[in-house]
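Examining the three-dimensional arrangement
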Amino acid sequence: MVSSIVARSLDEIKFWSRIMKEHALFLSLGFTHEQKQLIGEAQQFITIFERIEEKLSRFTINSDLGQIQAFNSEVYQAAASIWQYKRKVLGLTLRCEIRSNNFPLLVDHISREAAYFANRLKELNEGILTPKPEAIIEENVFFLKIMADHAKFIGHLLDPSERKLVEQAKEFSHDFDQLVFQAVDLESMRPQSETKPILSQFLNQNRVSVASLRDFKKTARELIEACRIKSNIHPLLADHTFREAERFLEIIDLFEASLE
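The text that follows walks through the structure, step by step, so that each part is easy to find. (Residues numbered from 1 in each chain as written. Predicted model: local features only at pLDDT ≥ 70, side-chain atom pairs only at ≥ 80, totals over all residues. Heavy atoms only, no water.)

**Details of the packing of aromatic side chains**
The geometry of an aromatic ring pair comes down to the distance between the two centres and the angle between the two planes. Throughout the structure, instances matching the rule amount to ten aromatic pairs. Ring centres of F45 and Y85 lie 5.3 Å apart, and the angle between their planes is 40°; this geometry places the pair in the tilted category. Of this pair, F45 sits in helix α2 (residues 36-56) while Y85 sits in helix α3 (residues 65-94); the two residues are 40 residues apart in sequence, bridging distant segments of the chain. On the basis of relative accessible area, F45 is assigned to the buried category, the value being 10%. Ring geometry for F143 against F248: centres 5.0 Å apart, planes inclined by 15°, an arrangement best described as stacked. You can see F143 sitting in helix α5 (residues 133-157) and its partner F248 sitting in helix α8 (residues 235-259), a full 105 residues away along the chain. (Phe/Tyr/Trp six-rings, centres within 6.5 Å; stacked < 30°, edge-to-face > 60°. Helix = DSSP H or I, 4+ residues; strand = E, 2+ residues; numbered from the N terminus. Buried < 20%, exposed > 50% of the residue type's maximum accessible area, 1.4 Å probe, protein only.)

**Focus on the packing of α3 against helix α4 (residues 104-125)**
Following both chains from N to C, one finds α3 and α4 inclined at 160°, their axes separated by 8 Å at the closest point. For the element pair α3 / α4, the angle class is roughly antiparallel. Of the two elements, α3 crosses α4, and the hand of that crossing is left-handed. Tallied by class, residues from the contact of α3 with α4 come to 17 nonpolar, six polar and four charged. (Axes fitted to C-alpha atoms, helices over the stretch in contact; angles between N-to-C directions. Parallel < 35°, antiparallel > 145°, perpendicular 65-115°, else oblique. Left-handed = near helix turned anticlockwise from the far one by under 90°. Nonpolar A, V, L, I, M, F, W, Y, C, P; charged D, E, K, R; others polar.)

**Side note on unusual backbone geometry**
A cis geometry characterises the amide bond from R190 onward to P191, with omega recorded as 0°. Non-glycine residue C227 carries a positive phi angle of around 55°. Mapped onto the secondary structure, C227 falls in the loop between α7 (196-225) and α8.

**Points about the packing of α5 against α7**
One way to put it is that α5 packs onto α7 with a least axis distance of 11 Å and a crossing angle of 25°. The pairing of α5 with α7 is recorded here as roughly parallel in orientation. The two elements α5 and α7 cross, and the hand of that crossing is left-handed. Side by side, α5 and α7 meet where P133, I136, I137, N140, L144, M147, H150 and I154 of the first sit next to L199, F202, L203, N206, L213, F216 and K217 of the second. (Contact = heavy atoms within 4.5 Å.)

**Points about the side chain of E162**
Along the chain, the position of E162 falls in the loop between α5 and α6 (163-188). The contact partners of E162, leaving out residues within four places of it in the chain, are I229 and K230.

**Things to note about α2**
The terminal C-alpha atoms of α2, which comprises 21 residues, lie 30 Å apart, in line with the 30 Å expected from a rise of 1.5 Å per residue. Elements that come into contact with the buried residues of α2 comprise α1 (2-30), α3 and α4. (Expected span 1.5 Å × (residues − 1).)

**Quick word on the pattern of salt bridges**
Under the defined criterion, the tally for this structure stands at 31 salt bridges. One salt bridge in this structure joins E53 and K21, with 2.9 Å as the shortest N-O distance. Of this pair, E53 sits in helix α2 while K21 is found in helix α1, placing the two residues 32 residues apart along the sequence. Residue E53 is classed as partly exposed on the basis of its relative accessible area, which comes to 23%. Here R247 makes a salt bridge to E250, at a shortest N to O gap of 3.7 Å. Of this pair, R247 and E250 both sit in helix α8, three residues apart, roughly one helical turn. Here R247 falls in the buried class, since its relative accessible area comes to 3%. The class of E250 is partly exposed, set by a relative accessible area of 43%. Connected via shared salt-bridge partners are R8, D11, E12, R120, E123, R247 and E250. (Salt bridge = Lys/Arg side-chain N within 4 Å of Asp/Glu carboxyl O.)

By themselves, these are just geometric observations and shouldn't be taken as functional.
Rendered as structure tokens:
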């Protein structure tokens, strides 16, 4: 149990700290030249998460649980701080106090991920490792919405002349919206919906769709890196969304294992 919490903590921090660092970079790239203070704050978060990554490299799965819990608490504070920053940016954007190239849905999207990361660290420090049936449904609602958002962002950031890819992104957006609604329906049927056959079918269905979207993102990433398609998509953003789809597939596997 102790070694599992240590290993899981290190894994969560390794994955999500990089994601948080990249969020700060993407926000900074989307601000306009005169929004120097917001750019400076984003750059501070890049530094904070780089330091976390450097500190992470000193730990192993054999590290002391107490040290890991202290590190989790430290990273939790960083995740909570970047969440507050993202919500501040969202408020400024929705009140039209700033105008930038960051979609409001994108800012909301990355703030949801910061909240998820902070919550995972809190759960691990409370010794919660094995997912409960309700967590399976809740996390799938969260990740399905993330995947639906990704499809929308890709569709909007591709050049309009890339008609076939834009259409594919729209189809993925529709498919994942339907999966989100289906997951929300399942959530409203809790706890009666928390049966092994229903949850297993739910996970299997999601896996097929996420794997298909993951493959689309992989292809898009390769085309963008090779400068073979026209878009406003940063190559790192293409890789970023691909890694998150891979992560969701790993989580589906963990949930399926917990049902055995």
